[in-house]
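Coordinate analysis (summary)
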Amino acid sequence: MSASNPAAPTVPGTPFFHYADGHLRVEGLALADLAREHGTPLFVYSQAALLAALGAYQRALQGRAALICYAVKANPNLALLQTLVQAGCGLDIVSGGELQRALHSGVAPERIVFSGVGKTRAEMRQALQAGIGCFNVESLPEIEVLNLEALSLGRQAPLSLRVNPDVDARTHPYISTGLKSNKFGIAHTEALGAYRRAASLPGLRIVGIDCHIGSQITDSAPYLDALERVLDLVAALQAAGIALEHLDLGGGLGITYLDECPPAADALFAAVLQRMEARGFGNLKLLLEPGRSLVGNAGVCLTEALYLKPGLAKNFLIVDAGMNDLPRPALYQAYHAIVPLQLRPAQAVQCYEVVGPVCESGDWIGHDRLLAVQPGDWLAVCSAGAYCTSMASNYNSRGRAAEVLVSGSNARLIRRRETLADQLGPELGL
Ligand SMILES: *Cc1c(COP(=O)(O)O)cnc(C)c1O
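Numbers given for residues are sequential positions, taken from 1 along each chain in its written order. Totals for whole chains, interfaces and linings use all residues, but because this is a predicted model, local features are given only for residues with pLDDT of at least 70 and pairs of side-chain atoms are given and counted only at 80 or more. Neither water nor hydrogens contribute to the side-chain values; these are computed over all heavy atoms in the structure.

Notes on the packing of helix H4 (residues 96–105) against helix H5 (residues 121–130)
What counts as an axis is a line fitted to C-alpha atoms, over the stretch in contact for a helix, and the angles between N-to-C directions run from 0 to 180 degrees. The way it works is that DSSP assigns letters per residue, a run of H or I at least four long becomes a helix, a run of E at least two long becomes a strand, and they are numbered from the N terminus. Contact pair H4 / H5: the axes reach a minimum separation of 9 Å and the direction vectors enclose 20 degrees. Taken together, the axis directions place H4 and H5 in an arrangement best described as roughly parallel. You can see that H4 and H5 cross each other, and the crossing is left-handed. For the pair H4 and H5, the contacting residues are Gly96, Leu99, Gln100 and Leu103 in the first and Glu123, Gln126, Ala127 and Ala130 in the second. With respect to orientation, any angle under 35 degrees is reported as roughly parallel, any angle over 145 as roughly antiparallel, any angle of 65 to 115 as roughly perpendicular, and every other angle as oblique. Each crossing gets its hand from how the near helix is turned against the far one by less than a right angle, where anticlockwise is left-handed and clockwise is right-handed. Two residues qualify as a contact provided that any one of their heavy atoms is within 4.5 Å of a heavy atom in the partner residue.

Focus: helix H1 (residues 31–38)
For the exposure calls, accessible area comes from a 1.4 Å probe over protein chains only, and a residue counts as buried if that area is under 20% of its type's maximum, exposed if over 50%, partly exposed in between. Turning to H1, its buried residues number three or more, namely Leu31, Ala32, Leu34, Ala35 and His38. The buried residues of H1 occupy an angular sector of 160 degrees when the element is viewed end-on, so they sit on one face. Seen from the buried face of H1, the exposed residues on the opposite side, beyond 90 degrees, are Arg36 and Glu37. Looking one or two residues beyond H1, the residue adopting positive phi is glycine 39, at roughly 80 degrees. For this quantity, the arc is that covered by the directions from the helix axis to the C-beta atoms.

Some details on the UniProt feature "binding site: substrate" (unreviewed entry) in the protein chain
UniProt positions are given in the numbering used here, feature names are shortened, and annotations may be inferred rather than shown by experiment. In the numbering used here, UniProt assigns the feature "binding site: substrate" (unreviewed entry) to Arg292, Arg328, Tyr332, Glu360 and Tyr387. The largest pairwise C-alpha distance within this set of annotated residues, which runs over 96 residues, is 26.9 Å, so the set is dispersed in three dimensions. On the secondary structure map, arginine 328 appears in helix H11 (residues 328–332). Not counting residues within four places of it along the chain, the set of residues in contact with arginine 328 comprises Tyr257, Arg292, Gln333, Ala334, His336, Ala386, Tyr387, Cys388 and Met391. Relative to the elements of secondary structure, tyrosine 387 occurs in the loop between strand E19 (378–381) and strand E20 (402–407). The residues touching tyrosine 387, leaving out its near neighbours within four places in the chain, are Lys73, Ala74, Arg292, Pro327 and Arg328.

Regarding the state of the cysteines
Note on disulfides: each one is a pair of cysteine sulfur atoms within 2.5 Å. Per the stated rule, a full pass over the model turns up zero disulfides. Left without a disulfide partner, cysteine 211 is nearest to the cysteine sulfur of cysteine 134, which lies 13 Å away. The thiol of cysteine 261 is not disulfide-bonded; the next cysteine sulfur, from cysteine 382, is found 17 Å away. Judged by relative accessible area, cysteine 261 falls into the exposed class, the value being 67%.

A short note on the domain arrangement of the protein chain
Taken domain by domain, the protein chain holds domain 1 (17–46 + 296–424) and domain 2 (115–290). The domain limits used here are those given by an automatic or database domain assignment. With centres defined by C-alpha atoms, the gap from domain 1 to domain 2 works out at 36 Å. Taken together, the contact pairs 10 residues of domain 1 with seven residues of domain 2. Once two parts are put together, the accessible area they lose, assessed with a 1.4 Å probe and summed over both, is termed the buried area. Counting the surface lost from both domain 1 and domain 2, the interface buries some 760 Å², and carbon and sulfur atoms represent 58% of this. Contact with domain 2 buries surface across domain 1, with Asn297, Tyr332 and Tyr335 losing the most and accounting together for 55% of the total. Between Lys or Arg on one side and Asp or Glu on the other, a salt bridge is scored when a side-chain nitrogen of the former is within 4 Å of a carboxyl oxygen of the latter. Run the count over domain 1 and domain 2 and you get zero salt bridges. Whenever two N or O atoms come within 3.5 Å, that pair is a polar contact, provided that in protein one can donate a hydrogen and the other can accept it, and provided that, for residues adjacent in sequence, both atoms are side-chain atoms. Inspection of the region where domain 1 meets domain 2 yields one residue pair in polar contact (both at pLDDT 80 or more).

Some details on the sheet that holds strand E3 (residues 29–30)
Taken in spatial order, the three strands make up an open sheet running E1-E2-E3, and their pairing is antiparallel. Both edges of this open sheet fall to strand E1 (17–20) and E3, since each of them pairs with a single strand only. Bridge count for E1 against strand E2 (residues 23–26) is four bridges, and the pairing is antiparallel. The residue of E2 that forms the bridge with tyrosine 19 is leucine 24. Two strands form a pair only when DSSP identifies at least two bridges running between them.

A look at the pairing of strand E5 (residues 66–71)
Burial runs high along E5: five of the six residues are buried. As paired strands, E5 and strand E13 (residues 285–288) are joined by three bridges and run parallel to one another. Along E13, the bridge assignment pairs alanine 66 with leucine 286. Each parallel crossover has a hand, and the one from E5 via helix H3 (residues 78–86) to strand E6 (residues 90–93) is right-handed. Handedness of a crossover is defined as follows: orient the strands so they point away from the viewer, and if the path from the first strand over the helix to the second runs clockwise, the crossover is right-handed.

Notes on the UniProt feature "active site" (unreviewed entry) in the protein chain
UniProt records the feature "active site" (unreviewed entry) at Cys359, using the numbering of this structure. With relative accessibility at 65%, the residue cysteine 359 sits in the exposed group. Residues contacting cysteine 359, with those up to four places away along its chain left out, are Tyr395 and Asn396.

Topic: the nonpolar core
We define a nonpolar core as any set of buried Ala, Val, Leu, Ile, Met, Phe, Trp, Tyr and Cys residues linked to one another through side-chain atoms lying within 4.5 Å. Ranked by internal contacts, the top residues of the largest apolar core, which has 100 residues, are Phe135, Ile209, Leu247 and Phe269. When residues are assigned to domains, this core turns out to be shared by domain 1 (17–46 + 296–424) and domain 2 (115–290), each giving three or more. Excluding anything up to four places from it in sequence, phenylalanine 135 contacts Phe114, Lys119, Met124, Ala127, Leu128, Leu146, Ala157, Pro158, Leu159 and Ser160. If you look at the next biggest cluster of nonpolar residues, it comprises 23 residues, including Phe17, Val26, Ala32 and Leu42.

A look at the environment of alanine 74
Looking at the secondary structure, you find alanine 74 in the loop between E5 and H3. Taking the C-alpha atoms as reference, alanine 74 lies 22 Å from aspartate 168; in sequence the two are 94 residues apart. For alanine 74, the residues in contact, after removing those within four places along its chain, are Gly291, Arg292, Val295, Gly385, Ala386, Tyr387 and Ser390.

If you want it as structure tokens, here you go:
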């Protein structure tokens, strides 16, 4: 590598963001042109990256009874939902708000599954009236409430019980959900009794079983372990005269933020289907609820370098995106690669603490990053498609960022930047 011509950094996990002549591009467009036109912070998604990630799932499931229900909470932007729904996805929702978004996307209601540990009666009624495909129920009291709400509407609620297979997904404790110490799901040992109770209630129709063991899983073993445990239950239910139509293995497949090597979706779920067949459950429909692995590496957040601030202990690089736009570092100490839109000579490289403008010491985007950057340069925070905009806030009265979806050489604004009027709208003053 020559000093004046440094090797281009890479954008992890995707070939759809790449350098050409020292400038970072997405598909057929220069990201700098999008930053100039729309301002920063700006989230930019590659439609090709999104559809390629979905394609890996679809290849594995081709020709099988299966449904991919994208987990809306990973990124609920309506245009992204529409893109995935038009490409064949159902949707996994966790609130009444996500139900409204899902219905707005044009998805067939029977392709919606409703997950979550704390559904309210009002949310249950909305979903029953919409005619969703399945309620993923997480506790005995929720079974009782769902039955009553269904009866009061003169309907039957399609039900699956989320069981807790008690396997360790070996991920961050905040995003591990399949251990018996977690708040999620019904214990494996109590599942049979819970199904018997549900089967006795006239407002419920048992359709499936589900589990979701965590997020950012980079290993196949926890999936295959969970599958075996859930298939044991399916067999026990069958013996008890309770037939199921589907098995839902949840989401959770990891992506590459730095150097992680998660299994490819096609290989992993081909192995899952093979195992189901080997155990005599080849006819059971397979549902999956991927979120991060569909959108995570398909998006970046563009930000402007505002100030270089040499400090006594660290050099700070202050950028215009903060923890309200990119909450994962503050929330999970998460790593996001940060790369320049325009490469500069390697002599200019310095080590920076990359921080946002929000008034919190926890407002950092990256520690100890080697970057050649000048004030006014643009940077891309990589792998920002999942759990960034969906967890964004107006903290410090900052408007939420704009979002652009790129396909080839076309860029479409899919969410305009929030204005102060958007923020003040609900406030009533004195
Ligand atoms: C969050 C969640 C998902 C999606 O998880 P990813 O890690 O984004 O794939 C799927 N199912 C349930 C029940 C969830 O809570």
